[in-house]
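So the chains spell out like this:
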There are 2 protein chains.
Amino acid sequence: MAATIRDVARLAGVSASTVSRALSLPGMVNGATRARVAAAVEQLGYEPNRAARGLITGRTGTIGLVVPDLANPFFASVTKGVQERARRHDVAVFVADTDEDPAAEAGLVRALAKQVDGVVLCSPRASDEELTAIAQDTTVVLVNRAAAGIPGVTYDNEGGMRQAVAHLVALGHHRIAWVGGPSTSWSTKHRGLGLRNAVEELHAKLAPVGNFAPTYEGGMAAADQVIATGATAVVAYNDLVAIGLLARLHARGLSVPADLSVVGVDDIAMSSMARPALTTVRLPKQEAGRIAVELLLAMLDDPESPAGTHGELHGELHGELIVRDSTGPAPHNQKGAPA
Amino acid sequence: MAATIRDVARLAGVSASTVSRALSLPGMVNGATRARVAAAVEQLGYEPNRAARGLITGRTGTIGLVVPDLANPFFASVTKGVQERARRHDVAVFVADTDEDPAAEAGLVRALAKQVDGVVLCSPRASDEELTAIAQDTTVVLVNRAAAGIPGVTYDNEGGMRQAVAHLVALGHHRIAWVGGPSTSWSTKHRGLGLRNAVEELHAKLAPVGNFAPTYEGGMAAADQVIATGATAVVAYNDLVAIGLLARLHARGLSVPADLSVVGVDDIAMSSMARPALTTVRLPKQEAGRIAVELLLAMLDDPESPAGTHGELHGELHGELIVRDSTGPAPHNQKGAPA
DNA sequence: ATGAAAGCGCTAACAT
DNA sequence: ATGTTAGCGCTTTCAT
């Protein structure tokens, strides 16, 4: 059996409470005593029982993480970041995968919530109302989604899109197609907005081709519509979509970037392996996970935690344009080019 | 505050012990009483406090999962399988990522072990001795690795390799190169063995080109040596390596499958997106995770659990050959072909 | 079939 | 600065 606090107390010749204090409030105990306790702890290999501690403190030392799909490299990276930072704080993390099922999401979060101190919700598919309701009785931090009054970490989608457009315009592109992700997606909305602004500022034209699944298949499905717009460049919702685009464009006999330049978002590992390698806006994925943990822990430590108090807690991360082979100069005789 | 067992007891007009029994040993309590308790539970939305229960039963209702790298699609899939099955049993899972650091592995497992009922170790990099030591004081199940006396689930590497070779031989290939993974990898060893046997049975020749990192870069590094063997087909350690191979072969001006056929292992999502799409041996990844959970839970439920007793507990999963565009008929004037 | 009592390992008043 | 006491929410003897 594992040693208990009483074993340590006996060995150190003190009471259990002193051991408890020596461990959690070292300042309150005499240096010599503290040393004796430390020695006893060491000798016995004592580790406090978390369940017992949790029973009385009401804290479990555990946080939850909910992601739509672990098999999606973007979410896998965020998860790595969460892991790493949580471990540093000696906090364990329960990971739950909703399998992209929006209906299962809320239930899962609520079930998780009972077993943890707080929850990191990554790219939740739920409505703002549902999120607010959940945040009522649970400490929640959002990743890749903003919702009024709930702390979180998001990406500067506008800035990222501006970089992409600036790059394309510098290459001589004037007509840029945009393949959006799911219409319910928060980032689709903001990327679209950013694109619209950037294109206007830089005197180019935007040709949105609608909403598609945020997957390889989505990209395949969008490709022909992209071609039909007559654009010489296309920005895709994310890298997966961009790679699907690449595949279908190739099948249609178009060459990238000679005929059409392609830009993705995320910079997943696959993007540098694509042919041609994909120009993309790199999002700091692990960093988002790390910040989310810090935010959550800060909320937990702050005694004043009535829902909403932490609304101002918010991190914003910036994307970085990574230029690879899928973007190049605009073709000379492009449709829609100035005469 | 959440309702406690006493609240339920009061509302149902029984004692706390009766509520406890009604919940965990329904057979021991009168039907009518049971119904009253159930009603009270329902009305109060009561959920037993796991920490309190764990304190007395010694079980946490939590298992641990250790993987080398969550960003690797193979491990992400296994993790999904573990998740899904654990949830079905109302068991939570702590996920830990060692970041491919073999040195961190053992420590992580031991730290995890104190907080969970058992641990699923996926593709551990540790030595057999270390694993045995860990299994001494923790309930452990291995995935993708066999070690004496420790239950686990593995893949039938030999069978998978035989399918790949049969496919290639049928296409007229006689000389097959083999790009192995890390020399310490259990699957490298068994895939190599399977290949050797299959090639002998089918009267072909094997040309091993050594050990490489199980990554895209590893495949790039191996490609030129593969070409030098004069083989008309190559089997790669896994899909990532095969895709790296594809990239470097393309750069060298070789065409796949016209000049060289390429086969991978795993069937990660990326494989069907590669150009040409990759022929591969599909491994049931999520299934491995599911079985591991069942194994672990079975061990936990079985009172007789002295280490080693469960050594015979073992699942073996079979791969399935998925033929795509990266394999084709052997070139006519191949080197090493019969005259 | 049910209740009363004890206690899991720990922390947090309350004493001293 | 340290010890004593009580009790977190639950399960489990032991009675009845």
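About the thresholds
- Residues numbered from 1 in each chain as written.
- Chains lettered and ligands numbered in written order.
- Predicted model: local features only at pLDDT ≥ 70, side-chain atom pairs only at ≥ 80, totals over all residues.
- Heavy atoms only, no water.
- Helix = DSSP H or I, 4+ residues; strand = E, 2+ residues; numbered from the N terminus.
- Rg over C-alpha atoms; globule rule 2.2 N^0.38 Å.
- Buried < 20%, exposed > 50% of the residue type's maximum accessible area, 1.4 Å probe, protein only.
- Areas by Shrake-Rupley, 256 points an atom, 1.4 Å probe, with all protein chains shown as cover.
- Lys, Arg positive; Asp, Glu negative; His and termini not counted.
- Charge placed at Lys NZ, Arg CZ, Asp CG, Glu CD.
- Domains from an automatic or database assignment.
- Contact = heavy atoms within 4.5 Å.
- Buried area = accessible area lost by both parts, 1.4 Å probe.
- Salt bridge = Lys/Arg side-chain N within 4 Å of Asp/Glu carboxyl O.
- Polar contact = N/O pair within 3.5 Å; in protein donor to acceptor, adjacent residues only side chain to side chain.
- Nonpolar A, V, L, I, M, F, W, Y, C, P; charged D, E, K, R; others polar.
- Pairing = 2+ DSSP bridges.
- Axes fitted to C-alpha atoms, helices over the stretch in contact; angles between N-to-C directions.

A. A look at the overall build of chain A. Each helix and strand in chain A was counted, giving 13 helices and twelve strands. Since a compact globule built from 339 residues should have a radius of gyration of about 20 Å, the 25 Å found for chain A marks it as more spread out than a globular shape. If you line up chain A on its principal axes, its C-alpha atoms span 90 × 40 × 30 Å. When each of the 339 residues of chain A is scored for burial, the buried share is 54%. Entry remark: accessible area of chain A is about 14600 Å², with carbon and sulfur atoms responsible for 53%. One finds the centroid of the 30 positive side-chain charges in chain A at a distance of 3 Å from the centroid of its 35 negative side-chain charges.

B. Structural detail: the domain arrangement of chain A. Residue and element names in this part refer to chain A. Taken as a whole, chain A is organised into domain 1 (1-23 + 31-42), domain 2 (62-155 + 285-318) and domain 3 (156-283). Residue-level contacts link twelve residues of domain 2 with ten residues of domain 3. Approximately 1100 Å² of surface area, both sides summed, lies buried where domain 2 meets domain 3, with 56% of it carried by carbon and sulfur atoms. Scanning the region where domain 2 abuts domain 3 turns up zero salt bridges. Along the contact surface separating domain 2 from domain 3 lie six residue pairs in polar contact (both at pLDDT 80 or more). Of all elements in the fold, only helix H5 (73-88), strand E5 (152-155) and strand E11 (314-317) reach the threshold of two or more residues within the side of domain 2 that touches domain 3. Partitioned by chemical class, the residues of the side of domain 2 that touches domain 3 number five nonpolar, four polar and three charged.

C. Expanded view of the sheet that holds strand E10 (residues 279-282) of chain A. Residues and elements named next belong to chain A. With mixed pairing, the six strands of this open sheet are ordered in space as E7-E6-E8-E9-E10-E12. Looking at which strands have only one partner, the edges of the open sheet turn out to be strand E7 (205-211) and strand E12 (320-322). Going from strand to strand, the sheet's axes swing by 20° on average, the running direction of each strand aside. Bridge analysis of strand E9 (residues 261-266) against E10 gives four bridges, and the strand direction is parallel. If you follow Val263 over to E10, its bridge partner there is Thr279.

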